[in-house]
Amino acid sequence: NTFLKTSLGGYRSIKIKITGEVIAPGTYTVSSFTSLLNAMYSCGGPNEIGTYREIKLIRNNRVVSTLDLYDVITKGFSKSDVLLKDQDVIHVGPFVSRIAVEGYLKRNGIFEILPHESLNEAINYAGGFDQYAYSDRIKIYRNTPVERKIIDVKSTEFRSSRVFSGDSIVVEKLLERFENLVSIEGAIFRPGAYSVDNNPTLSTL
């Protein structure tokens, strides 16, 4: 009988360049198993004005892949996270547009939005509504060339409403009241609050 056992004794090193709006731009020597996402970790990631949405991999003076870090953050993976080759260039440009999200959402903060994305996608990046959110209507505070304005957006319009750079999206809290509550008190066995839906008449209550 013949048995064959193979093992990897070493690996090739490659040189790549990382340019643009990153913490530590420059030339890096990495292994041939390094991916685009690994390279972003090596340089510290985008700086305070760098884009997270359009990280370009340039090979032979041609863009061969564009990585969206929001895919990695929200899904855990990205099809654009490809393996690097020798002399590849990774370029990170400045962000295109940013919005602020605050209120009763799971993640509050600043998010980068692409030109074609809607209010619904901005809500998804913020993790969606929390359990106390008034989700039927959202307020958007928008900058105009002269002053600011406020926009009320209903839930049926979330998918069609565009958001623009500088917008502030605010989600308010539910009202502390009930839409179907009735109370009964006095000389009865179980006084207290009841549902009007399940007790539509006085005799049923």
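No experiment lies behind these values; they were computed from the predicted model shown.

Criteria and cut-off values
Residues numbered from 1 in each chain as written. Predicted model: local features only at pLDDT ≥ 70, side-chain atom pairs only at ≥ 80, totals over all residues. Heavy atoms only, no water. Helix = DSSP H or I, 4+ residues; strand = E, 2+ residues; numbered from the N terminus. Phe/Tyr/Trp six-rings, centres within 6.5 Å; stacked < 30°, edge-to-face > 60°. Buried < 20%, exposed > 50% of the residue type's maximum accessible area, 1.4 Å probe, protein only. Polar contact = N/O pair within 3.5 Å; in protein donor to acceptor, adjacent residues only side chain to side chain. Patch = residues over 30% accessible without salt bridge, like charges linked within 9 Å, V, L, I, M, F, W, Y side chains within 5 Å. Areas by Shrake-Rupley, 256 points an atom, 1.4 Å probe, with all protein chains shown as cover. Salt bridge = Lys/Arg side-chain N within 4 Å of Asp/Glu carboxyl O. Pairing = 2+ DSSP bridges. Axes fitted to C-alpha atoms, helices over the stretch in contact; angles between N-to-C directions. Contact = heavy atoms within 4.5 Å.

> I'm lost on unusual backbone geometry in this one. Help?
When glycine is set aside, most residues are seen to have a negative phi, and most peptide bonds are trans. The phi angle at N60 is positive, at roughly 55°, despite the residue not being glycine. By the element assignment, N60 lies in the loop between β3 (50-59) and β4 (62-67). Of note in the backbone geometry, Q87 takes a positive phi value of approximately 75° without being a glycine. Secondary-structure assignment places Q87 in the loop between α2 (69-75) and β5 (89-94).

> Help me out: how do you make sense of the packing of aromatic side chains in this one?
To describe a pair of aromatic rings, one takes the distance between the centres and the angle between the planes. All told, the structure shown has 3 aromatic pairs when counted by the stated rule. A centroid spacing of 5.1 Å and a plane angle of 75° characterise the contact between Y70 and Y125, whose relative ring orientation is edge-to-face. With Y70 in helix α2 and Y125 in helix α3 (residues 119-125), this residue pair connects regions lying 55 residues apart in the sequence. Accessibility assignment for this pair places Y70 and Y125 in one class, buried. Aromatic pair F129 and F158: ring centres 6.3 Å apart, planes at 40°, arrangement tilted. Of this pair, F129 sits in the loop between α3 and β8 (137-143) while F158 sits in the loop between β9 (148-154) and β10 (168-171), placing them 29 residues apart in sequence. Given a relative accessible area of 6%, F158 falls into the buried group.

> What should I look at first to understand the environment of T201 in this one?
Assignment of secondary structure puts T201 in the segment after β12 (192-195). Residue class for T201 comes out partly exposed when judged on its relative accessible area of 37%. One polar contact links T201 to S203, side chain to side chain, over a distance of 3.3 Å. Within the structure, the side chain of T201 is placed 2.7 Å from the side chain of T204, a separation counted as a polar contact.

> I'm lost on a nonpolar patch on the surface in this one. Help?
Together, L8, Y11 and F33 make up an exposed nonpolar region whose accessible area comes to about 390 Å². On the basis of relative accessible area, L8 is assigned to the exposed category, the value being 64%.

> I would appreciate a short explanation of the sheet that holds strand β7 (residues 109-112) in the present structure.
Hydrogen bonding along the main chain pairs the strands of a sheet, whether they run parallel or antiparallel. Read from one edge to the other, the open sheet built from 5 strands follows the order β7-β6-β10-β8-β9, with strand pairing classed as mixed. Two strands in the sheet have a free side with no partner beyond their single neighbour: β7 and β9. Geometrically, the sheet is characterised by an average inter-axis angle of 25° between neighbouring strands, direction not taken into account. Both β8 and β9 contribute to a ladder of 7 bridges, which runs antiparallel. In the sheet register, R142 faces β9, and the bridge partner there is K149.

> Could you clarify how one ought to interpret the pattern of salt bridges in this entry?
Any two side chains of opposite charge can pair, so long as their charged atoms come close to each other. For the structure on display, the rule yields 7 salt bridges. In this structure, the salt-bridge partner of R53 is D68, at a minimum N-O distance of 2.8 Å. Here the residue R53 occupies a position in strand β3, and D68 occupies one in the loop between β4 and α2, the gap between them amounting to 15 residues. For R53, a relative accessible area of 3% translates into the label buried. The salt bridge involving K139 is made with D152; its shortest N-O contact spans 3.3 Å.

> Sorry if this is basic, but what is going on with the side chain of E117 here?
The topology assignment puts E117 in the loop between β7 and α3. For E117, a relative accessible area of 3% gives the class buried. Looking at E117, its side chain comes within polar contact range of the side chain of R53, at 3.0 Å. A polar atom in the side chain of E117 sits 3.0 Å from the backbone nitrogen of L114. When residues no more than four places from it in sequence are discounted, the contact partners of E117 are R53, E112, Y125, R162 and V163.

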